[in-house]
Amino acid sequence: MIEATLADMRKSTDFFATEEIIHILDGRKKEEIGYFVPKSLKDEFNAFIEKVEKKRKLALLKRVAEAQKKDRIGDGAVDDGL
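Residues numbered from 1 in each chain as written. Predicted model: local features only at pLDDT ≥ 70, side-chain atom pairs only at ≥ 80, totals over all residues. Heavy atoms only, no water.

**Some remarks on the side chain of Asp26**
Here's step 1: As for its position among the elements, Asp26 is in strand S2 (residues 22–26).
Here's step 2: Despite its burial, Asp26 remains without a salt bridge, the nearest opposite charge being carried by Lys29 at 4.6 Å.
Here's step 3: A distance of 3.2 Å separates the side chain of Asp26 from the backbone nitrogen of Arg28, its partner in a polar contact.
Here's step 4: If we ignore the near neighbours within four places in the chain, the residues touching Asp26 are Leu6, Glu31 and Ile33. (Helix = DSSP H or I, 4+ residues; strand = E, 2+ residues; numbered from the N terminus. Buried < 20%, exposed > 50% of the residue type's maximum accessible area, 1.4 Å probe, protein only. Lys, Arg positive; Asp, Glu negative; His and termini not counted. Salt bridge = Lys/Arg side-chain N within 4 Å of Asp/Glu carboxyl O. Polar contact = N/O pair within 3.5 Å; in protein donor to acceptor, adjacent residues only side chain to side chain. Contact = heavy atoms within 4.5 Å.)

So this is what it looks like as structure tokens:
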């Protein structure tokens, strides 16, 4: 993995010609901004993103299931709208 600053992105021909993942930093604030993933790793990265999204959705569905489990309103009951 290569580290680069936003200023390095101005030289886009050099910056985007790499085959490695680039860790992008804000040089002035010394903060992490994100990562650049080259085209050659697109398929592997998409698989990783799908796995992360599936895990996030599963966690949300578990929260919804727990909330429904705690709900006192049964089938055929009418809620008061609150």
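**Some points on a nonpolar patch on the surface**
Here's step 1: Residues Phe45, Phe48 and Ile49 make up a contiguous nonpolar surface patch of roughly 260 Å² in combined accessible area.
Here's step 2: Looking at where Ile49 falls in the secondary structure, it is placed in helix H2 (residues 42–70). (Patch = residues over 30% accessible without salt bridge, like charges linked within 9 Å, V, L, I, M, F, W, Y side chains within 5 Å. Areas by Shrake-Rupley, 256 points an atom, 1.4 Å probe, with all protein chains shown as cover.)

**Points about the nonpolar core**
Here's step 1: Formed by Ala4, Phe15, Ile22, Ile24 and Phe36, the largest nonpolar core amounts to five residues.
Here's step 2: Apart from residues lying up to four places away in sequence, Phe15 is in contact with Ala4, Asp8, Met9, Ile22, Ile24 and Phe36. (Core = buried A, V, L, I, M, F, W, Y, C linked by side-chain atoms within 4.5 Å.)

Interpretation note: all reported values are geometric properties and have no functional meaning in isolation.
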